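# An overview of the molecular structure
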Amino acid sequence: MKAYLTRRYMFSASHRLHSKGMSDAENRETYGKCNNPHGHGHNYSLEVTVSGQVQSATGMVCNRMELDDFVGREILQKFDIQNLNLLPQFVDDVPTTENLCIALYDILQRGFTGAHLERVRLEETMMNSFEYAGGAEIRP
Amino acid sequence: MVYLTRKAEFSASHYYHNPDLTPEENQRIFGKSGNPNGHGHNYTLEVTVKGEVDSRSGFVVDLKKLKEILNREVLDALDHRFLNKEVPEFSRQIPTTENLAIAIWQRIQPKLQNAQLHRVRVYESPNLFVDFYGKA
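Attention here is on the structure that accompanies the text. Just so it is clear, the model here is predicted, and its values are computed rather than measured.

### A short note on unusual backbone geometry
With phi around 60°, Ile81 of chain A is a residue other than glycine that occupies positive phi space. Even without being glycine, His80 of chain B reaches a positive phi, approximately 60°. Tracing the chain through its elements places His80 of chain B in the loop between helix H2 (63-78) and strand S3 (81-82). On the basis of relative accessibility, which here comes to 65%, the residue His80 of chain B falls in the exposed class.

Okay, here's the thing in structure tokens:
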């Protein structure tokens, strides 16, 4: 029996949306308030969805403690209470929530072996959220 | 095709233990959740059905009937119960959120008429939920 398990994590970080490829005027026009030179912050809510057959010995798709350990070590410790613009992932890329969502998916996809990664959903505020499944359609 | 979701809440206790594993393996896999005295959660259940909108009623499904099925098949059986001891499915299976979602699907799927069950989502807490879309 295939099931999908989703775990939610919270972290807070600051960022500034500013593209090196644009003039200052273009940046202000494109990113508005998010281009404020001093940056600003959000409480991010990260949802990680994994899928797989429910194993009869454990009743689980994925051991939650293993997932918590991985996310704690590889994501929360590195992103929580940080300035995203200073992180290696955003040397070239603008730390939009789209790019952050993709970066977090890539960390999980590369490093987490406990279950099949289905998708990552990231809420920047209660009013917006982003989902990424490695470029695939979100299903089912 | 329209999708309709009905929400329900129940509270229950459980613990995780596999008698085929050693105590050390149980501890390693299940950690605190293996305490045999159990612990509890406030579960939120979301049942999504899908179907065409009936031209006479404007409904995908009669919500009153869906609610009755959820009350009878799920809440009466699970709410304020110790899942391991009082729910037959869990005399053999471990009452993880995964197995709970599957058990709820199997309880309500045969009772639904007209509408097709699309998804069962069970929140163990706001930070953990499982989706089940049927046998696959």
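### Observations concerning the packing of H2 of chain B against helix H4 (residues 97-108) of chain B
Residue and element names in this part refer to chain B. Running from N to C, H2 and H4 cross one another at 140°; their axes reach a closest spacing of 9 Å. Comparing their axes, H4 and H2 come out oblique. As H2 packs across H4, the resulting crossing turns out to be right-handed. Counted together, Ile69, Leu70, Glu73, Val74, Ala77 and Leu78 of H2 and Leu100, Ile104, Arg107 and Ile108 of H4 form the full contact between these two elements. Taken together, the residues of the contact of H2 with H4 sort by class into eight nonpolar, no polar and two charged.

Basis of the calculations
- Residues numbered from 1 in each chain as written.
- Chains lettered and ligands numbered in written order.
- Predicted model: local features only at pLDDT ≥ 70, side-chain atom pairs only at ≥ 80, totals over all residues.
- Heavy atoms only, no water.
- Helix = DSSP H or I, 4+ residues; strand = E, 2+ residues; numbered from the N terminus.
- Buried < 20%, exposed > 50% of the residue type's maximum accessible area, 1.4 Å probe, protein only.
- Axes fitted to C-alpha atoms, helices over the stretch in contact; angles between N-to-C directions.
- Parallel < 35°, antiparallel > 145°, perpendicular 65-115°, else oblique.
- Left-handed = near helix turned anticlockwise from the far one by under 90°.
- Contact = heavy atoms within 4.5 Å.
- Nonpolar A, V, L, I, M, F, W, Y, C, P; charged D, E, K, R; others polar.

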